[in-house]
Amino acid sequence: MLILIVIKPVFLIITFIMILSFHSFAIDNMEGAWFECEFAGKTSKPLDDCKILDNDGFIFSNNKATHISVIDSQEINCKKNKVGQCFKSDLDFVTARKGREDSVKFGNSKLILSFLGCSQVFHLKDKSIYVEASPDKKKCFWAGKKIFYLKKFEGDLILKK
């Protein structure tokens, strides 16, 4: 009897913690400016914990993904030694130029990107430092097998036309 009195509250506490943990990793939206981790491979996670970001990214807002390119980076430690093609993720601000806009939907830890008449599903996983976006097995003609490792830019974004 004493064992049941002790086990029941412990079971309830463990169940509650598991439910909270599950919900904390669900991704229902990605508002703001997000960039790919510069030192991630095609299917391998970033080697630097995403401290350096690629200069191309997206602003997710109101079911739209607006492509942006950082135009003021002087960073020299980019892949293939391409100066300015990346930037440090902890900068206070970056200047970017807007590009095309595509439709997106978020829900159930999925991002659905609609482009050229096809909607590609990406499965989202919260890795605490970055989000992993893996394409669904059913692919649009324009989608590859690449896994995207994305980090939200927390600094200010200055947009130029």
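Just so you know, these numbers come straight off a predicted model, no measurement behind them.

Digging into the overall build of the chain
A count of helical and extended segments in the chain gives one helix and 10 strands. Ordered by position from the N terminus, the helices and strands of the chain form the series α-β-β-β-β-β-β-β-β-β-β. Expressed as a percentage of contacts within the chain between residues at least 6 apart in sequence, the contacts between residues at least 24 apart total 57%. Counting only carbon and sulfur atoms, one obtains 59% of the accessible surface of the chain, whose full area is about 10600 Å².

Section: the state of the cysteines
The full count for this structure, using the stated rule, is three disulfides. Through a disulfide, C78 is tied to C86; the S-S separation comes to 2.0 Å. For the disulfide bridge between C78 and C86, the dihedral angle about the S-S bond is near -90 degrees, and by the sign convention the bridge is left-handed. Accessibility classification places C78 together with C86 in one group, the buried group. Here the disulfide map of the chain reads 1-2, 3-4, 5-6, the bonded cysteines being numbered as they appear in the sequence.

With respect to the nonpolar core
Grouped together as the largest cluster of nonpolar side chains are 16 residues, with contacts concentrated most on F35, C37, I68, F87 and Y149. Those elements that provide at least two residues to this core are β1 (32-37), β2 (52-61), β3 (64-70) and β5 (93-107). Those residues in contact with C37 that sit more than four places away from it in its chain are P46, C50, I52, L53, Y130, Y149 and L150. One finds W34, F60, F122 and V131 within the second-largest nonpolar core, a separate group that totals 13 residues.

Digging into the side chain of D54
Turning to its location among the elements, D54 is positioned in strand β2. Summary of buried charges: D54 has no salt-bridge partner, and the nearest side chain of opposite charge, K79, is 7.0 Å away. A polar contact of 2.9 Å, which involves the side chain of D54, links it to the backbone nitrogen of D56. The residues contacting D54, other than those within four sequence positions of it, are F35, E36, E38, Q85, C86 and F87.

Topic: the environment of S89
Positionally, S89 belongs in the loop between β4 (86-88) and β5. By relative accessible area, which is 13% here, S89 ends up buried. Between the C-alpha atom of S89 and that of F153, which follows or precedes it by 64 residues, the distance is 6.4 Å. Within the local environment of S89, its side chain forms a polar contact with the backbone oxygen of C50, the two atoms lying 3.4 Å apart. Only 3.3 Å separates the side chain of S89 from the side chain of K151, close enough to count as a polar contact.

Some details on a positive patch on the surface
On the surface, K42, K137, K139 and K145 cluster together into a patch of positive charge. Relative to the helices and strands, K139 is located in the loop between β8 (131-135) and β9 (148-152).

Some thoughts on the pairing of β1
In terms of burial, β1 is largely enclosed, as five of its six residues are buried. Sheet topology places β1 next to β2; five bridges connect them, and they run antiparallel. Its bridge partner lying in β2, W34 is registered against F58. Sheet topology places β1 next to β9; three bridges connect them, and they run antiparallel. Across the sheet, the residue bridging to W34 is K152, located in β9.

Calculation criteria
- Residues numbered from 1 in each chain as written.
- Predicted model: local features only at pLDDT ≥ 70, side-chain atom pairs only at ≥ 80, totals over all residues.
- Heavy atoms only, no water.
- Helix = DSSP H or I, 4+ residues; strand = E, 2+ residues; numbered from the N terminus.
- Contact = heavy atoms within 4.5 Å.
- Areas by Shrake-Rupley, 256 points an atom, 1.4 Å probe, with all protein chains shown as cover.
- Disulfide = S-S within 2.5 Å.
- Buried < 20%, exposed > 50% of the residue type's maximum accessible area, 1.4 Å probe, protein only.
- Core = buried A, V, L, I, M, F, W, Y, C linked by side-chain atoms within 4.5 Å.
- Lys, Arg positive; Asp, Glu negative; His and termini not counted.
- Salt bridge = Lys/Arg side-chain N within 4 Å of Asp/Glu carboxyl O.
- Polar contact = N/O pair within 3.5 Å; in protein donor to acceptor, adjacent residues only side chain to side chain.
- Patch = residues over 30% accessible without salt bridge, like charges linked within 9 Å, V, L, I, M, F, W, Y side chains within 5 Å.
- Charge placed at Lys NZ, Arg CZ, Asp CG, Glu CD.
- Pairing = 2+ DSSP bridges.

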